[in-house]
Amino acid sequence: MEIRYKRDLNSNYMILKENCPAAESYEVRMITENRIYGFLPCVIQRHEERTEYYYEITGRQSMELLYERRKLNFEQLKELLRELLRVLESAQEYLLNPDHFVLNPGSMYLNVKSEKLYLCYYPEFKKEIRESFLDLAEYLLGKLDKGDAEGIEFGYELYQSALEPNFSLLELLHKYAETKKEVPEILPSPPVSSVSVQEEILEKTGSWKNFFKKKSKGPTLEDYVAEADQMGRGTALFIKEESIPETAYLEKVKRDGLFLRSLSEEYSDFQVKEGNFLIGKKKDSVDGCIPAATISRIHARITYDGTVYYVEDLNSTNGTWADQVQLNPYELYPLRDGMYLTFASAEYEVQL
């Protein structure tokens, strides 16, 4: 399964390519002719030797990126299970095989405000839904908030239940999606949201396997809190550029990492030393904050592979440009000294 991303004038797409012409089928008609609750909207382009499935991801963010630095608490996990249950029940109503859902965090999308879940239904994908859910449950365990005792206990119990042979996924979700106090009625499927909002990314958590080495209840939670507080947290680095004589450019200044010089006095410069530097307007979720209305909450990312720095647009609303080239979502573009980066309306010069 080959995945690429594309931006056109109004929308962003995740594209899955199959190296053979797709036959007309019931499933293809259902996902392209209907707007099913929790399904990523899909259109298909057929070619002589291949078929491409275009899934619209405008205004949504992948679970993998959303929880890259974010902790998952009890209520968020419960709501995620409720959403998954609703999507599976929608598939059941349309007589669609749930084994074709791609339950990979990189292909699962959420809306940052509503936490509504959107899944990729790919007819060519064939993996038993219970196996896919077990992998997903293991991933979610690694994203639990260490200080949330209820969430840890709940998540571990969910994972243990998923390990049981021949479990029913729908029954399991019905059991764990129920609330202890109020059980809200499942509402009819609302229309597909077109709100363009970038997702929050908070602090990265450790491996779930470390959560459950000890089963003691009281004291260990304090240890978890202490450990979480000591973990490295991305912080914005705002460096005021010193006054440099006009002839300073004649002598190459050696810098530790990559420097982004703002071409506007309104925005700060950024010193990029780490290999994963997030840029956006959500100050507590990024390393470099650009407080502009045109900037998405999580707009772009700078990465370093040991030799080259790259810029990557993170499915932003108003786009990212490297010199005059507009980037497709999640496209890694190599940076060079002297080039210009434009995040929506904010322009920077790259200095290496």
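Computed from a predicted model, the values in this text were never measured in an experiment.

**Quick notes on helix 6 (residues 169-177)**
All of the buried residues in helix 6 are Leu169, Leu172, Leu173, Tyr176 and Ala177. Projected down its long axis, helix 6 shows its buried positions confined to an angular sector of 115°, all on one face. Away from the buried face of helix 6 by more than 90 degrees, exposed residues Glu171 and Lys175 are located. Check the buried side of helix 6 and you find it contacts helix 3 (74-93), helix 4 (129-141) and helix 5 (149-163).

**Brief notes about the pattern of salt bridges**
Under the definition given, this model contains twelve salt bridges. Among the ionic pairs, lysine 17 bridges to glutamate 2, the shortest N-O distance being 3.4 Å. Separated by 15 residues along the polypeptide, lysine 17 in strand 2 (residues 12-18) and glutamate 2 in strand 1 (residues 2-7) bring together distant segments of the chain. Given the relative accessible area of 21%, lysine 17 is considered partly exposed.

**Focus: the sheet that holds strand 10 (residues 276-280)**
Taken in spatial order, the five strands line up as 11-10-12-13-16 in an open sheet, and their pairing is mixed. With one partner strand each, in any of the chains shown, strand 11 (288-289) and strand 16 (332-334) form the two edges of the open sheet. Here four bridges tie strand 10 to strand 12 (residues 300-304), and the two strands are oriented antiparallel to one another. Bridging across to strand 12, asparagine 276 finds its partner in threonine 303.

**Quick word on the packing of aromatic side chains**
One pass over the full model with this rule turns up twelve aromatic pairs. Over the ring of tyrosine 118 we find arginine 60; its NZ or CZ atom is 4.0 Å from the centre of that ring. One cation-aromatic arrangement involves arginine 130 over phenylalanine 167; the distance from NZ or CZ to the ring centre is 5.7 Å.

**Describing helix 5**
Across its 15 residues, helix 5 extends 21 Å between first and last C-alpha, which sits within 8% of the 21 Å expected from 1.5 Å per residue. Along helix 5, the residues classified as buried are Gly151, Ile152, Phe154, Gly155, Leu158, Tyr159, Ser161 and Ala162. The N-cap of helix 5, judged by a side-chain oxygen 3.3 Å from the amide nitrogen of glutamate 150 a few residues on, is aspartate 148.

**Thoughts on the environment of glycine 151**
Looking at the secondary structure, you find glycine 151 in helix 5. Considering only alpha carbons, one finds glycine 151 and glutamine 76, 75 residues apart in sequence, at a separation of 9.0 Å. Those residues in contact with glycine 151 that lie beyond four places of it in its chain are Phe74 and Leu144.

**What about the pairing of strand 17 (residues 340-343)?**
Pairing between strand 14 (residues 320-322) and strand 17: three bridges, direction antiparallel. Across the sheet, residue tryptophan 321 finds its bridge partner in strand 17, namely threonine 342. Pairing of strand 17 with strand 18 (residues 346-351), which is carried by four bridges, proceeds in the antiparallel orientation. Across the sheet, the residue bridging to threonine 342 is glutamate 347, located in strand 18.

**Re the sheet that holds strand 6 (residues 109-110)**
One open sheet accounts for three strands, arranged 5-6-7; its pairing is antiparallel. Bordering the open sheet on either side are strand 5 (61-62) and strand 7 (117-118), each of which pairs with just one other strand. Sheet analysis places strand 5 next to strand 6, joined by two bridges and oriented antiparallel. Bridge pairing links glutamine 61 to leucine 110 in strand 6.

**Overview of the packing of helix 3 against helix 6**
Where helix 3 contacts helix 6, the two axes come as close as 9 Å, and the packing angle between them is 140°. In this structure, helix 3 meets helix 6 at a crossing whose hand is left-handed. Where helix 3 approaches helix 6, its residues Lys78, Leu81, Arg82, Leu84, Leu85, Leu88, Glu89 and Gln92 are matched on the opposing element by Leu169, Leu170, Leu173, His174, Tyr176 and Ala177. Of the residues in the contact of helix 3 with helix 6, the class split is nine nonpolar, two polar and three charged.

**Points about the pairing of strand 12**
Residues in a regular strand point their side chains to alternate faces of the sheet. Burial analysis of strand 12 places four of its five residues in the buried class, the great majority of the element. Here strand 12 runs beside strand 13 (residues 309-313); their pairing, made up of five bridges, is antiparallel. Considered in strand 13, the bridge of threonine 303 is made with tyrosine 310. What sits between strand 12 and strand 13 in their antiparallel hairpin is a turn of four residues, with glycine 306 showing a positive phi close to 105°.

The rules behind each value
- Residues numbered from 1 in each chain as written.
- Predicted model: local features only at pLDDT ≥ 70, side-chain atom pairs only at ≥ 80, totals over all residues.
- Heavy atoms only, no water.
- Buried < 20%, exposed > 50% of the residue type's maximum accessible area, 1.4 Å probe, protein only.
- Helix = DSSP H or I, 4+ residues; strand = E, 2+ residues; numbered from the N terminus.
- Arc of directions from axis to C-beta.
- Contact = heavy atoms within 4.5 Å.
- Salt bridge = Lys/Arg side-chain N within 4 Å of Asp/Glu carboxyl O.
- Pairing = 2+ DSSP bridges.
- Phe/Tyr/Trp six-rings, centres within 6.5 Å; stacked < 30°, edge-to-face > 60°.
- Lys NZ or Arg CZ within 6 Å of the ring centre and 35° of its normal.
- Expected span 1.5 Å × (residues − 1).
- Polar contact = N/O pair within 3.5 Å; in protein donor to acceptor, adjacent residues only side chain to side chain.
- Axes fitted to C-alpha atoms, helices over the stretch in contact; angles between N-to-C directions.
- Left-handed = near helix turned anticlockwise from the far one by under 90°.
- Nonpolar A, V, L, I, M, F, W, Y, C, P; charged D, E, K, R; others polar.

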